[in-house]
Amino acid sequence: MFGRHLSMFKPHIGQVRSLLRPSNQFGNSIILLQDGLLVQELPVLVRHTSDHSFIIKNFGPVNSHEVQGSEAVSNNVSKNKSELTEVKSPTSDEEEFVGALTRTGRVGHIYRLLETATIEGITPFVALKALIRIAQLESREDASEADKTFARQAVIQKLMRTVLDGGDNETLVNTFTFMKDLKPLGSLDNLWQELQSQCIDKAATGMLTISQIARVIKSLHAVNGTKSAIADHLWQGIKVTASQIDETNIADLCSILPLLKYSNKVVFHTLMDQLPSFWWKLTPDTACSVMDSVHVAGLGSLELCRILVRWTSLSLHQLSEQHLRVALSFFCAAGHCDDTLQRVAERYCRARGRSDLRTATVAALATFALRFNIRSEVLLETASDHFVSHQSQYAASASPSAPAGGGWRLLQVAPPPPGEVTVVVRALGELDHQPRDRVGFFAAVERHLSESFSAFSAEEVLDICLACVYLRRYPLNFFRQVFNPFFLERVPAGGPDAQRLRTKLSALDCALTFECPGYRGPMLPRDLSARSVARDARAARLAHTVAPQLRAVSGVSQVEPAGPLPQLPLHPLYLPDLTCRRGDGRRLCLFLNPPERYARGTEHPLGPLQLRRRQLRQLGLAAVDLPLRQLAQMVVHPALLRKRLADAVAEAD
């Protein structure tokens with residue numbers, strides 16, 4: 001029983017022995033590898049030599065002073081490394097012979113052509129091309145006719161043996177890459193296993209280039225399934241050949257990160273060690289491929305984001321709109337933004353002009369501004385002006401995009417994204433920016449809602465209506481369609497999204513009731529359900545510290561913790577942290593707002609905070625909005641904190 005429980009903790013690499021044959025050539029083991037602060041348990045390949053086992057390559061043989069063959073093995077691996085990894089170009093004779101193979105239309109003609117060639121003329125490169133051509137022609141010809149061909153199996157085996165014994169690594173990897181296409185050539189299991197073993201052996205010992213190792217891993221992924229256990233052992237070869245990583249092969253190396261299960265972090269750290277030496281040489285396609293692969297693999301680091309921001313700023317003049325969308329999508333997914341990246345987006349808008357941009361690019365810029373609360377006049381005016389002048393090009397609900405250009409998956413989203421109309425309207429509303437052409441902008445919004453109301457999802461409709469309310473443009477023409485049984489049926493009754501949509505619906509009903517004279521509401525009953533609301537723990541802790549200092553402010557009384565306001569929806573936005581009474585009898589609600597509720601780099605409150613101030617004013621209350629980060633820094637200076645609180649209380653209206 002105890003041994004059965006211990007087996008649960010064994011790493012899942014047992015399939016390595018069954019995939020590597022003969023079994024007496026390779027084994028596997030586990031090592032602990034420390035790379036900076038990263039300590040990880042990784043699988044390694046072990047070569048069996050005589051009665052001893054040696055971990056392949058740079059970790060050194062075990063008991064090497066006692067084993068006679070160990071020095072030969074080590075020297076054979078490390079000797080003439082540059083010659084082993086060199087990719088040779090085909091000669092003119094090889095190209096001429098391959099051209100003759102390409103012009104051949106029948107398999108029998110290929111056999112006769114091979115009979116006329118000399119032994120030296122059948123190089124590994126020619127043998128591979130002959131195998132590929134035979135497979136292509138046999139797929140078109142009748143199977144019975146192909147079986148009658150004399151000595152067919154012997155010819156194919158001779159060609160495979162030429163590839164295996166030729167010592168041409170490029171041809172060997174190409175043969176392994178085309179393995180699926182070549183398998184119909186007959187039962188060559190022993191040769192296939194030998195081919196696979198040679199590729200794995202050379203990849204693990206660093207005898208292949210970075211691009212070749214990447215192709216071997218992709219082929220293992222295609223043959224053995226998702227995240228093959230064998231592929232995880234080849235990180236050894238990547239560590240050995242790390243000095244070869246440059247701008248020409250970094251995209252190939254990053255493309256294998258999603259295919260590795262245990263060793264992707266080690267490969268990523270190896271890549272990051274080399275990237276600072278050549279990042280400025282990356283082409284836009286290469287950089288976008290790196291972003292895409294790192295995003296799909298779920299990896300990333302602050303250092304990588306900073307390097308890519310610098311590259312984006314340096315190569316801005318080379319970026320197409322598609323490259324910009326990939327970069328903005330990557331940084332939004334990584335949650336990284338700084339002043340340089342914001343200036344890059346603004347420079348791109350100024351350089352390209354508002355009329356030359358595509359709707360997808362404008363939507364990406366609006367999403368970027370919305371993700372990081374960037375209240376930039378350049379970005380938001382670009383979005384609003386483009387929306388007014390090209391309103392017919394905006395789709396109500398964007399569908400998942402097809403592979404474009406390099407097939408970057410950052411441009412392909414699994415769930416249907418919010419429509420481009422929703423993104424632009426939300427950006428202006430939530431960031432509290434009035435469009436330059438207000439009449440034209442809201443006329444375009446109304447036109448899209450009236451013509452494509454059913455095409456929008458329920459959440460998109462609510463987001464657009466709330467964004468208009470933030471800007472004090474009330475959607476009176478559509479409230480009958482929103483508070484309608486047919487629309488309410490589109491709101492899910494359960495699940496993680498149900499409560500969020502209900503809260504948005506209640507917030508819209510409450511906002512229109514307070515602010516819009518022509519609205520006959522409220523349309524929804526009060527929410528009397530017993531449920532909890534998550535509160536910001538930082539604000540709750542800071543409120544206990546601020547309360548004594550607030551009581552010490554002259555003219556302030558009845559300082560106490562606050563509960564939910566019954567006239568407003570039950571939402572964290574409407575939960576004050578403290579309440580007090582001013583000397584003139586006015587009741588105050590203090591809100592300790594986190595940085596996410598302000599525009600980036602400023603203390604300008606966003607649209608929801610502006611709406612909350614107006615609603616509290618309608619209730620006879622005054623909102624005191626205080627930046628949480630600023631007050632947290634003043635805690636160690638009580639006099640300065642009391643002065644800040646006194647000024648905020650006096651300015652509250």
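Residues numbered from 1 in each chain as written. Predicted model: local features only at pLDDT ≥ 70, side-chain atom pairs only at ≥ 80, totals over all residues. Heavy atoms only, no water.

An unreviewed UniProt entry annotates the protein chain as FAST kinase domain-containing protein 3, mitochondrial of Amphibalanus amphitrite.

Undergrad: How would you explain the overall build of the protein chain if you had to name every residue and give the values?
TA: Helix and strand counts for the protein chain stand at 32 helices and seven strands. Counting all 653 residues of the protein chain, 49% fall into the buried class. For the protein chain, the share of sequence-separated contacts (at least 6 apart) that also reach a separation of at least 24 residues comes to 72%. Taken as a whole, the protein chain presents about 31400 Å² of accessible surface, with 51% of it coming from carbon and sulfur. (Helix = DSSP H or I, 4+ residues; strand = E, 2+ residues; numbered from the N terminus. Buried < 20%, exposed > 50% of the residue type's maximum accessible area, 1.4 Å probe, protein only. Contact = heavy atoms within 4.5 Å. Areas by Shrake-Rupley, 256 points an atom, 1.4 Å probe, with all protein chains shown as cover.)

Undergrad: Go over the nonpolar core with me, naming the residues and quoting the values.
TA: Core analysis: the biggest nonpolar cluster contains 162 residues, and F368 and V482 have the highest contact counts within it. With 10 residues, the single largest contributor to this core is helix 25 (residues 458–470). Contact partners of F368, with chain neighbours within four places excluded, come to L328, C332, C337, L341, A345, I374 and L379. If you look at the next biggest cluster of nonpolar residues, it comprises 25 residues, including L550, V556, V559 and A648. (Core = buried A, V, L, I, M, F, W, Y, C linked by side-chain atoms within 4.5 Å.)

Undergrad: Go over the sheet that holds strand 4 (residues 557–561) with me, naming the residues and quoting the values.
TA: Where strands meet in a sheet, backbone hydrogen bonds hold them as pairs that are either parallel or antiparallel. Judged by pairing direction, the sheet is mixed, and its four strands sit side by side in the order 4-5-6-7 without closing on themselves. Sheet topology places strand 4 and strand 7 (621–627) at the edges, where each strand pairs with a single neighbour. Between one strand and the next, the sheet's axes are offset by a mean angle of 20 degrees, whatever the strand orientation. Looking at chain direction, strand 4 and strand 5 (residues 578–581) are connected through three bridges and run antiparallel. Of the residues in strand 5, the one forming a bridge with P561 is L578. Strand contacts of helix 30 (residues 607–618): strand 6 (587–593) and strand 7, with the helix running at about 150 degrees to strand 7, the strand carrying the most contacts. Against the sheet, helix 32 (residues 638–651) engages strand 6 and strand 7, with an angle of about 145 degrees to strand 7. (Pairing = 2+ DSSP bridges. Axes fitted to C-alpha atoms, helices over the stretch in contact; angles between N-to-C directions.)

Undergrad: Please give an account of the pattern of salt bridges that cites residues and values.
TA: Scanning the model with the defined rule gives 22 salt bridges in all. Between R500 and E459 there is a salt bridge, and its shortest N-O distance comes to 3.0 Å. Of this pair, R500 sits in helix 28 (residues 498–515) while E459 sits in helix 25, and the two are 41 residues apart along the sequence. For R500, a relative accessible area of 35% gives the class partly exposed. For E459, a relative accessible area of 23% gives the class partly exposed. R535 serves as the salt-bridge partner of D577, at 3.6 Å between the closest nitrogen and oxygen. (Salt bridge = Lys/Arg side-chain N within 4 Å of Asp/Glu carboxyl O.)

Undergrad: Which residues make up the environment of N264, and what values go with them?
TA: The topology assignment puts N264 in helix 16 (residues 264–274). The spatial distance from the C-alpha of N264 to the C-alpha of D232 is 7.9 Å, given a sequence separation of 32 residues.

Undergrad: Pulling in residues and values, what's your account of the side chain of E346?
TA: Positionally, E346 belongs in helix 20 (residues 339–352). No salt bridge is formed by the buried E346; the nearest opposite charge belongs to R350, separated by 4.2 Å. A polar atom in the side chain of E346 sits 2.6 Å from the side chain of S376. When sequence neighbours within four positions are dropped, the list of residues in contact with E346 reads S376, V378 and L379. (Lys, Arg positive; Asp, Glu negative; His and termini not counted. Polar contact = N/O pair within 3.5 Å; in protein donor to acceptor, adjacent residues only side chain to side chain.)

Undergrad: Go over helix 13 (residues 210–224) with me, naming the residues and quoting the values.
TA: Relative to the 21 Å expected for 15 residues at 1.5 Å per residue, helix 13 spans 21 Å between its end C-alpha atoms, a close match to the ideal helical length. Buried within helix 13 we find I210, Q212, I213, A214, V216, I217, S219 and L220. Those residues of helix 13 that are buried are in contact with helix 10 (169–177), helix 12 (189–204), helix 14 (235–240) and helix 15 (250–255). Once helix 13 ends, the next one or two residues include G225, with phi positive near 105 degrees. (Expected span 1.5 Å × (residues − 1).)

Undergrad: I'd like to hear about helix 22 (residues 377–389), residue by residue, with values.
TA: What sets the pattern is the α-helix's 3.6 residues per turn: residues three or four places apart point alike. Compared with an ideal rise of 1.5 Å per residue, which puts 13 residues at 18 Å, helix 22 spans 18 Å between its outermost C-alpha atoms and is within 8% of the ideal. For helix 22, the tally of buried residues reaches 11 of 13 residues, placing the bulk of the element in the interior. Within helix 22, the full set of buried residues consists of V378, L379, L380, E381, T382, A383, S384, D385, H386, F387 and V388. Of the surrounding secondary structure, the elements contacted by the buried residues of helix 22 are helix 20, helix 21 (359–371), helix 23 (420–430) and helix 24 (438–451).

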